[in-house]
Amino acid sequence: MTALLEVRNLTKSFQGLVAVNDVSFSLEAGRITALIGPNGAGKTTCFNLVAGALSPTAGQVLFEGRAIERNPPEAVCRMGIARTFQIVRPMKDMSVLENAMVGAFSWTTNVKEARSKAYESLERVGLAGKASARTDQLTLPDRKMLEMAKALSTRPKLLLLDEVMAGLRPTEAAGVVGVLRKLAEHGLTILLVEHVMRIVMDVASTVVVLHHGAKIAEGEPSQVVADPAVLESYLGAGFHA
Amino acid sequence: MQRTSDQASDAKRWGAGVAVFAVLAVVGGVSSAYVISLLTIVLLFTFMGQSWNLMLGIGGQLSIGHALFVGIGAYAVAILNIKYGITPWIGLLLGAAIAGVVGAVLAWLSFRFEVRGIYFALLTIAAAEFARIMFGGWDYVGGMQGLFYPAPSGTMDLAMLRGDSQFYYFVALVLAAVGVAGTELISRSYWGYVWRAMRDDDEAARALGVRTFRHKVLVVSISAAGAAIGGGVLGLVQGSIFPDSIMGMGISVDVLIGPVVGGLGTAFGPLIGSMAAIPLHHAMGSLGDSLGIPGLNSVAYGAVLILVVWFLPDGIWPAVVRLYEAVQLPARSRISQLRKVEE
Ligand SMILES: Nc1ncnc2c1ncn2[C@@H]1O[C@H](COP(=O)(O)OP(=O)(O)OP(=O)(O)O)[C@@H](O)[C@H]1O
Ligand SMILES: [Mg+2]
């Protein structure tokens, strides 16, 4: 198995604050990996580095073997990496369907083709019934699903999902987990930031744990949750098993 | 289901457009010379407003210096025609091409160096003022004394774009129709979608693969070319061009007032807005002249702008559409309820 994405010694500092500190991991094609860690651990910054929204202070991002960390976000997207935003960013004066169409224009200029791809993406995430709604008529969970549909319309090879299930009821989250599994079965590689451990345990085959910007653990979910360093990072220094 | 209703409303929109322009054509056949010449200006500013609207209403890039492009078009047509006897058709094409390049270079330089939003808008003013002063000091184009077309002979000559005021009315009408249809077509094309995406959220659009830099340069360039064509015809209609009038701030304001008053980013907004604002501007101008109050027209412009922004922040046209839907939709849902009852 070759890695679809490899992150090597990735570091990002913001005026002295090291948000991501010498992080390395790799993603196998067709697998779902979870990136977890307490608030402020550097998960979103990691996404921004991979997606080209930020340039790293040091380190490399290799996608299909090519170094991509100096590419702008639109180029990274066109290579096959799509991301959602933790703070949702719908295009507010465009309908739900039109929002989902935008991503398709990264690979086609045909409006009809983009529209049918957008319907397909919306169907995937259960939003097809709201295609003609305005985005401000959507609930927050629906807006998160719209983020996902927009990303899916770009036909990604790698999908970066930043807390898309936040605010969903357990049954709804289970539905999304099912969608993610199906996407992975079709060969999509997924990197997922998620706080609910039950979901992580359920869906991820590998877990990467960040704390204060550094990777403190990596492995199978059951292995990682038993790791004392991980427990300590989540529950504080006073915790001893 | 969704698609058929889209198609129905598309057909309705095009139908409405054809009807509006048919009425305007009849108006051109029966109105007095004064009304015709006023409406000609309205229609020309409708067209230039469309091009400005494409840039802000769809592409999200604000220009307060469109007089630059209007002036380039006017001078290209006038120089070729007056000095060399070359048909305005060539002048219009050349003017559009030059303005397109100037717009692209301006946009490229600004966006390359992160001059965006209101700072880009200020740069467009600076560029227009620079050009106005440059043309004013350029003897070859007549300096501040400007350029004059020979008096019209009265016979219509389509090849040389010469004719009476009615002829120019129909030229302007065709341009305005092309502007409305063109805006509609572009906003429904792939460009329209990615432009609106970058207008709403540049970063999110880029994350979806939209190459916003080149699209911003493109929308400015196309808008500039459109404004230049309008400017070329405006010069012909007025019979003379002076840097202070054709490249002055006044033109930049006249271009944007239609879409702002009528409705940003809509196909009909600039037509409605120009219809409302420009005759008012003229009426207040003549009233101001006869009362000896110069600048009354500018006060009126300001008042209209404030009133519209205050009461109809999206402009007149979206308010009309909302009103129409408020009347129509309940009727439709009543009908569909009746149908259900019948079933
Ligand atoms: N653009 C920025 N400028 C300065 N500091 C930043 C910037 N982006 C993130 N940070 C800081 O970097 C650290 C990591 O933030 P990041 O958003 O990556 O965390 P996270 O793991 O996604 O947290 P959460 O679970 O709350 O979303 C935080 O201390 C944050 O304040
Ligand atoms: Mg985060």
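Quantities reported herein were computed from a predicted structural model and do not represent experimental measurements.

Enquirer: Teacher, can you tell me more about the interface of chain B and chain A here?
Expert: Put simply, an interface is often sized by how much accessible area is lost when its parts join up. With 21 residues of chain B at the contact, the number on the chain A side is 27 residues. For the pairing of chain B and chain A, the buried interface totals around 2300 Å² over both sides, and the portion due to carbon and sulfur atoms is 60%. Of all residues in chain B, the largest losses of buried area upon contact with chain A belong to Tyr-190, Tyr-193 and Leu-208 of chain B, amounting jointly to 30% of the total for that side. Summed over the shared surface of chain B and chain A, the number is 4 salt bridges.

Enquirer: Before we go on, may I ask you to explain the domain arrangement of chain A in this structure?
Expert: All names here are of chain A. For chain A, the assigned domains are domain 1 (1-71 + 159-164 + 175-241) and domain 2 (81-155). One C-alpha centre belongs to domain 1, the other to domain 2, and the line joining them spans 24 Å. Taken together, the 20 residues of domain 1 in the interface contact 12 residues of domain 2. A buried area of about 1500 Å², summed over both sides, lies between domain 1 and domain 2, and 65% of it is on carbon and sulfur atoms.

Enquirer: Sorry if this is basic, but what is going on with the environment of Leu-208 of chain B here?
Expert: Residues and elements named next belong to chain B. Along the polypeptide, Leu-208 turns up in the loop between α8 (202-207) and α9 (212-238). Residue classification places Leu-208 among the buried positions, given a relative accessible area of 3%. A C-alpha to C-alpha distance of 9.7 Å links Leu-208 and Val-194, two positions 14 residues apart in sequence.

Enquirer: Would you mind showing me how to read the nonpolar core here?
Expert: Leu-122, Met-148, Met-165, Leu-180 and Ile-190 of chain A are the most contacted members of the largest nonpolar core, which has 67 residues in total. Among the elements that line this core, the one with the most residues is helix α6 (residues 170-185) of chain A, at 7 residues. Residues within four places of Met-165 of chain A in sequence aside, it is in contact with Ala-173, Val-176, Val-177, Leu-180, Leu-192, Glu-194 and Ile-199 of chain A. Ile-36, Ile-79, Ala-127 and Val-255 of chain B belong to the second largest nonpolar core, which has 65 residues in total.

Enquirer: Mind showing me how you'd approach the sheet that holds strand β7 (residues 158-162) of chain A here?
Expert: Sheet strands pair by backbone hydrogen bonding; their relative direction is either parallel or antiparallel. Residue and element names in this part refer to chain A. In space, the 6 strands of this open sheet follow the order β6-β7-β8-β3-β9-β10, with mixed pairing throughout. Of all the strands in the sheet, the pair left with one neighbour each is β6 (81-83) and β10 (214-219). Neighbour-to-neighbour, the strand axes of the sheet open up by a mean angle of 15°, direction not taken into account. Direction of pairing for strand β9 (residues 206-211) relative to β10: antiparallel, over a ladder of 5 bridges. Within β10, the residue paired with Val-207 across the bridge is Gly-219. This element, helix α5 (residues 140-152), spans β6 and β7 of the sheet and lies at about 165° to β7.

Enquirer: Sorry, what's going on with the coordination of the magnesium ion (ligand 2) here?
Expert: When four donors bind a metal tetrahedrally, each ideal donor-metal-donor angle is 109.5 degrees, and when six bind octahedrally, the ideal angles are 90 or 180 degrees. Taken together, Thr-44 of chain A (OG1) and Gln-86 of chain A (OE1) make up the protein donors of the magnesium ion (ligand 2), found 1.9 to 2.1 Å from the metal. Here the residue Thr-44 of chain A occupies a position in helix α1 (residues 43-51), and Gln-86 of chain A occupies one in the loop between β6 and α3 (96-104), the gap between them amounting to 42 residues.

Cut-offs and rules
Residues numbered from 1 in each chain as written. Chains lettered and ligands numbered in written order. Predicted model: local features only at pLDDT ≥ 70, side-chain atom pairs only at ≥ 80, totals over all residues. Heavy atoms only, no water. Contact = heavy atoms within 4.5 Å. Buried area = accessible area lost by both parts, 1.4 Å probe. Salt bridge = Lys/Arg side-chain N within 4 Å of Asp/Glu carboxyl O. Domains from an automatic or database assignment. Helix = DSSP H or I, 4+ residues; strand = E, 2+ residues; numbered from the N terminus. Buried < 20%, exposed > 50% of the residue type's maximum accessible area, 1.4 Å probe, protein only. Core = buried A, V, L, I, M, F, W, Y, C linked by side-chain atoms within 4.5 Å. Pairing = 2+ DSSP bridges. Axes fitted to C-alpha atoms, helices over the stretch in contact; angles between N-to-C directions. Donors = N, O, S within 2.8 Å, 3.2 Å for Na, K, Ca; no water.

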